[in-house]
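Structural characterization, general
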Amino acid sequence: MKAKQIFYDKQINPINGTILEMVIWQLPSPVVGSRHRFKYRLFFGRAGERIVGYDNERSKGDHRHVGGQELPY
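This write-up is about the structure you can find in this document. The model shown is predicted, which means the values in this text are computed figures rather than measured ones.

1. Considering the pairing of strand β2 (residues 19-26)
Each regular strand shows side chains that alternate between the opposite faces of the sheet. Strand direction decides the pairing type here: strand β1 (residues 4-12) and β2, joined by 8 bridges, are antiparallel. Within the sheet, the bridge partner assigned to Q11 lies in β2 and is L20. Connecting the antiparallel pair β1 and β2 is a turn made up of 6 residues, with G17 showing a positive phi of about 80°. Sheet topology places β2 next to strand β3 (residues 38-46); 8 bridges connect them, and they run antiparallel.

2. Some words on the pattern of salt bridges
Counted by the stated rule, this structure contains 4 salt bridges. With a shortest N-O distance of 3.8 Å, E21 and R41 are connected by a salt bridge. Of this pair, E21 sits in strand β2 while R41 sits in strand β3, and the two are 20 residues apart along the sequence. Residues E70 and K60 are paired through a salt bridge, measuring 3.3 Å at the closest nitrogen-oxygen approach. Note that E70 is positioned in strand β6 (residues 69-72) and K60 in the loop between β4 (49-57) and β5 (61-66), a separation of 10 residues in sequence. Overall, the relative accessible area of 40% leaves E70 in the partly exposed class. Of the residues examined, K60 reaches a relative accessible area of 42% and is grouped as partly exposed.

3. Let's talk about a nonpolar patch on the surface
A cluster of nonpolar residues, I6, F7 and F38, forms a patch on the protein surface that exposes about 250 Å² of accessible area. Here I6 shows up in strand β1. A relative accessible area of 42% places I6 in the partly exposed class.

What counts, and where the lines are drawn
Residues numbered from 1 in each chain as written. Predicted model: local features only at pLDDT ≥ 70, side-chain atom pairs only at ≥ 80, totals over all residues. Heavy atoms only, no water. Pairing = 2+ DSSP bridges. Helix = DSSP H or I, 4+ residues; strand = E, 2+ residues; numbered from the N terminus. Salt bridge = Lys/Arg side-chain N within 4 Å of Asp/Glu carboxyl O. Buried < 20%, exposed > 50% of the residue type's maximum accessible area, 1.4 Å probe, protein only. Patch = residues over 30% accessible without salt bridge, like charges linked within 9 Å, V, L, I, M, F, W, Y side chains within 5 Å. Areas by Shrake-Rupley, 256 points an atom, 1.4 Å probe, with all protein chains shown as cover.

Following this line, the structure appears as structure tokens:
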């Protein structure tokens, strides 16, 4: 099985310019550093500015981005 995108949503607030984007893929096996078979990305911010983000990059596993810091969760 190849990676299959199972969810996507992107919303842009026209009043303050914030962006909320969520993407989830189902994978045949977990990415290195994660125990589940999902690859995901959640972004909240503005163009060129991430306020909060959650994702699971290969070898980094599940982690978040808050205030310029990258932290596991």
